[in-house]
There are 2 protein chains.
Amino acid sequence: MSAPVYLGIIGVGGVGTAFLQQLARLPNAPKLILLARSNQTLLSPTPSYSPAIPAAEWKTAVEAPSLTKSGALTPDEIAGYLASAPGRSILVDNTSDPALAGSYPVFLRRGVSVVTPNKKGFSSDLALWKEIFAAANEGKALVYHESTVGAGLPVISTLKDLTATGDEVTRIEGVFSGTLSFLFNTFAPASGSSSAKWSEVVSQAKELGYTEPDPRDDLNGMDVARKLTILARIAGLEVQAPDSFPIESLIPSELASLPSSAEGIKEFMTRLPEFDGQMAAIKEGAEKAGKVVRYVGSIDVGKKEVRVGLQQFDKDSAIAGLKGSDNIISFYTRRYGSNPLIVQGAGAGGDVTAMGVTADLIKVVQRL
Amino acid sequence: MSAPVYLGIIGVGGVGTAFLQQLARLPNAPKLILLARSNQTLLSPTPSYSPAIPAAEWKTAVEAPSLTKSGALTPDEIAGYLASAPGRSILVDNTSDPALAGSYPVFLRRGVSVVTPNKKGFSSDLALWKEIFAAANEGKALVYHESTVGAGLPVISTLKDLTATGDEVTRIEGVFSGTLSFLFNTFAPASGSSSAKWSEVVSQAKELGYTEPDPRDDLNGMDVARKLTILARIAGLEVQAPDSFPIESLIPSELASLPSSAEGIKEFMTRLPEFDGQMAAIKEGAEKAGKVVRYVGSIDVGKKEVRVGLQQFDKDSAIAGLKGSDNIISFYTRRYGSNPLIVQGAGAGGDVTAMGVTADLIKVVQRL
């Protein structure tokens, strides 16, 4: 319980930076011995794995003569370094790198636990998912990834508690993208009305920094599809890949072939108004039925169906009433009956995503 | 990690029975060595603490000649029995007994972890709260009590994650009683309208079994006050006792002195219609402001204020839109900003309460 635990961190982007701030204030934090950013790696010298890297001063720690500096290390090298520490060790992957996620089995098999908000390891090929959990079993290591769905919201932990205690999850439904939440809450509000055109709302969201640099990365639905893949697998469905079920893209088919370059983004945004009529028709269709349209993901466990796309909702429903860029996730289960267990709140942002990572880290340290 | 863990259970009421069902289906469940109900205790014989009591057949296990039968044991005797087991042990208290809760420090000091939905230990005098956590520290034992607030909903765990990762919880607000949720959702629905009188709604809830046998135990607000006490303490407020802040009772003062006997219950229900006008006025007052009235609890952490009572809410707010007997709990924090983190769903019932207990048990076993 009181043996030191060692920590390696990869990635110092928005989530990584917020995580380092939280780590610096954590009582009984594990010893930070590796911090890797793009082409630079900072390490505590071997074989003592001491001194630790100060989390609070990580930006200037690279100047400390007592620490080892290196260029980029391979996942194998990092796994070897962490696995040889004189105690249990944990990798926190704060990147969205699919290659690093593909190496989780290497870490886990060597007894290095993994904590991460990186969706790639859990939402790519089913083979990787299975290999990750088999490797964790083999290496007696732990894998926690709360922030892969809904950022810091208690989504993964709640679903795992439901299944682990023997409840039968029948359906999961919700708004899983902060960006798409904002777009539809603004374009088709449940109370009051909006005259804004679809392309205007997308432009506004882009300017506010609510979308990815390329808004098509939100509009294609793949981020939502990856989250659904993770939840469906925890609920027991063998989803082969994040594109092995219907995903409704909000990119007009006429614009689908534009390049992903800056030029392509510009042309996409310029031509998007041509399709405002299509989105207006979808909005009006819902309004005629007294409803609003939302971009949702749903999993029907019994029918083994996963879907991502537009749906109509009653104006007094929880999904319709969502504010800002909030996420909402509803779990329908045998025990909870007709009224689902609902979790709602900010599902994106550095601080809340890092919170999920930090909370996972605390739980892993408690279990090691 | 693979050393056997031993389990004692006290209480086989609604929650206790549901918990035993879940335990019977749990993979790698701890070994059940003590099962105590009112005046009867079933034990695995010492010194081998074997065989275990079969959770699936607990009702007939009393006839098994291989098990030890006894009358009621004192908490000290039970703590001694569990602490002497050849491994770590856990007490699950499925009662609402304040005396047993007062003995948690005895268990914890001897290294016996405690898992319970019993609010009494955590919502009585602040001295007991402090003694419980000091004893856990001393005995290197764990205390989990998710089901003391919102049954199986992830309320305690979410609040602990928020505070442990360094977020600043500024306000907690919600509907914490399934009974009072049903009463107000029925009496003053947010959509549509109801002509039912207050006393009729209370009678209906009583007949449906949604209230305690004595509905005054719901209407006095003390159950909500106990839940608020627990959350406020986790959020860092030193609440002395569950009645050391304003609690608005829905028992008319003219009826406050009726005895708690069956006669008293009957007279209370007979005379309640005399006060329908008062509740109708409260409902109409809210309606004139375009709002609905709800019975809520709130904690303002900065102002160190805890309140339990009636409040008005916008009709499109999440609290107003609550269905059936659902609970809703909103956490306002620095990181989550103006839109709170919300947890919603059934907050009462044997199965979902037991689920919180079982999920806690799994976590304690993982950490021991």
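Residues numbered from 1 in each chain as written. Chains lettered and ligands numbered in written order. Predicted model: local features only at pLDDT ≥ 70, side-chain atom pairs only at ≥ 80, totals over all residues. Heavy atoms only, no water.

**Remarks on the overall build of chain A**
Within chain A, the regular secondary structure consists of 14 helices and twelve strands. In terms of overall size, chain A behaves like a compact globule, its C-alpha atoms giving a radius of gyration of 22 Å where 368 residues would be expected to give roughly 21 Å. Taking the principal axes of its C-alpha atoms as reference, chain A extends roughly 70 × 50 × 35 Å. Burial analysis of chain A (368 residues in total) assigns 55% to the buried set. For chain A, restricting intrachain contacts to residue pairs at least 6 apart in sequence, the fraction spanning at least 24 positions comes to 66%. Taken as a whole, chain A presents about 14,700 Å² of accessible surface, with 50% of it coming from carbon and sulfur. Counting 35 positive and 38 negative side-chain charges, chain A places the centres of these two groups 5 Å from one another. (Helix = DSSP H or I, 4+ residues; strand = E, 2+ residues; numbered from the N terminus. Rg over C-alpha atoms; globule rule 2.2 N^0.38 Å. Buried < 20%, exposed > 50% of the residue type's maximum accessible area, 1.4 Å probe, protein only. Contact = heavy atoms within 4.5 Å. Areas by Shrake-Rupley, 256 points an atom, 1.4 Å probe, with all protein chains shown as cover. Lys, Arg positive; Asp, Glu negative; His and termini not counted. Charge placed at Lys NZ, Arg CZ, Asp CG, Glu CD.)

**Notes on the sheet that holds strand β5 (residues 89–93) of chain A**
All names here are of chain A. Within the open sheet, the seven strands sit side by side as β4-β3-β2-β1-β5-β6-β7. Their pairing is mixed. Unpaired on one side and paired on the other, β4 (68–70) and β7 (143–144) mark the two borders of the sheet. Where strand β6 (residues 112–115) meets β7, two bridges bridge the pair, whose relative direction is parallel. If you follow Val 114 over to β7, its bridge partner there is Val 143. (Pairing = 2+ DSSP bridges.)

**Some words on the interface of chain A and chain B**
A common way to express how large an interface is: the accessible area buried when the components associate. Each side of the interface is counted separately: chain A has 35 residues, and chain B has 35 residues. Summing both partners gives a buried area of about 3,200 Å² for chain A against chain B, and 56% of it is carried by carbon and sulfur. Linking chain A to chain B there are two salt bridges. Of the charged contacts in the structure, one is a salt bridge between Lys 363 of chain A and Asp 161 of chain B, with a shortest N-O distance of 2.8 Å. The tally of links between chain A and chain B comes to seven residue pairs in polar contact (both at pLDDT 80 or more). (Buried area = accessible area lost by both parts, 1.4 Å probe. Salt bridge = Lys/Arg side-chain N within 4 Å of Asp/Glu carboxyl O. Polar contact = N/O pair within 3.5 Å; in protein donor to acceptor, adjacent residues only side chain to side chain.)

**Notes on the sheet that holds strand β9 (residues 291–300) of chain B**
Spatially, the ten strands line up as an open sheet ordered β10(A)-β9(A)-β8(A)-β11(A)-β12(A)-β12(B)-β11(B)-β8(B)-β9(B)-β10(B), and their pairing is antiparallel. Edge positions in the sheet fall to β10 (305–314) of chain A together with β10 (305–314) of chain B, since each of these pairs with one other strand and no more. Each strand axis lies, on average, 20 degrees off the axis of its neighbour in the sheet, ignoring direction. Relative to strand β12 (residues 341–346) of chain B, strand β12 (residues 341–346) of chain A runs antiparallel, the two being bridged by three bridges. By the bridge assignment for β12 of chain B, Val 343 of chain A is matched with Val 343 of chain B. The strands that helix α13 (residues 276–288) of chain A touches are β9 (291–300) and β10 of chain A; relative to β9 of chain A, the one it contacts most, it runs at about 95 degrees. Across the face of the sheet, helix α8 (residues 178–187) of chain B comes into contact with β8 (169–175), β9, β10 and β11 (326–333) of chain B while running at roughly 155 degrees to β9 of chain B. (Axes fitted to C-alpha atoms, helices over the stretch in contact; angles between N-to-C directions.)

**Some words on helix α6 (residues 126–138) of chain A**
Residues and elements named next belong to chain A. For α6, spanning 13 residues, the distance from its first C-alpha to its last is 18 Å, which sits close to the expected 18 Å at 1.5 Å a residue. Among the residues of α6, Leu 126, Leu 128, Trp 129, Ile 132, Ala 135 and Ala 136 are the ones counted as buried. At its buried positions, α6 is contacted by α3 (98–102), α4 (104–109), α5 (120–123), β7 and α11 (222–234). In the stretch just after α6, Lys 140 is the one whose phi turns positive, near 50 degrees. (Expected span 1.5 Å × (residues − 1).)

**Considering the UniProt feature "domain: Aspartate/homoserine dehydrogenase NAD-binding" (unreviewed entry) in chain A**
The sites that UniProt annotates as "domain: Aspartate/homoserine dehydrogenase NAD-binding" (unreviewed entry) are residues 11–146 of chain A. This span, residues 11–146 of chain A, is 35% helix and 18% strand, and a straight line between its end C-alpha atoms measures 17 Å. (UniProt positions renumbered as here; feature names shortened; annotations may be inferred.)

**Description of the pairing of strand β6 (residues 112–115) of chain B**
Residue and element names in this part refer to chain B. Judged by which residues are buried, β6 turns out to be covered on both faces: Val 112 and Val 114 on one side and Ser 113 and Val 115 on the other are all buried. Here strand β5 (residues 89–93) pairs with β6 via four bridges, running parallel. When the bridges of β6 are listed, Leu 91 appears paired with Val 114.

**Some points on the relation of the copies chain A and chain B**
Aligned on chain B, chain A shows an RMSD of 0.0 Å; the corresponding rotation is 180 degrees and the shift along the axis is 0.0 Å. On this basis, the relationship between the two copies can be described by a two-fold rotation axis. The overlap is high: 100% of the interface residues of chain A also sit at the interface in chain B, so the same surface is used on both sides. (Least-squares fit on C-alpha atoms with pLDDT ≥ 70 in both.)

**A few points about unusual backbone geometry**
Glycine aside, a negative phi is what most residues show, and trans is what most peptide bonds show. With an omega of 0 degrees, the peptide bond between Ser 50 of chain A and Pro 51 of chain A qualifies as cis. Tracing the backbone through its elements, the reader meets Pro 51 of chain A in the loop between β3 (40–43) and β4.

**Some points on the environment of Leu 35 of chain A**
All names here are of chain A. Positionally, Leu 35 belongs in strand β2 (residues 31–37). Residues Leu 35 and Val 12, 23 residues apart in the sequence, show an inter-C-alpha distance of 8.5 Å. Every residue in contact with Leu 35, bar those within four places of it in the chain, is listed here: Ile 9, Val 12, Leu 20, Gln 40, Thr 41, Leu 42, Ile 53 and Trp 58.

**Some details on the side chain of Asp 276 of chain A**
All names here are of chain A. Structurally, Asp 276 can be placed in helix α13. For the buried Asp 276, which has no salt bridge, the nearest side chain bearing the opposite charge is Lys 197, at an N-O separation of 5.6 Å. A polar side-chain atom of Asp 276 sits 2.7 Å from a polar atom in the side chain of Ser 199. If we ignore the near neighbours within four places in the chain, the residues touching Asp 276 are Lys 197, Trp 198 and Ser 199.

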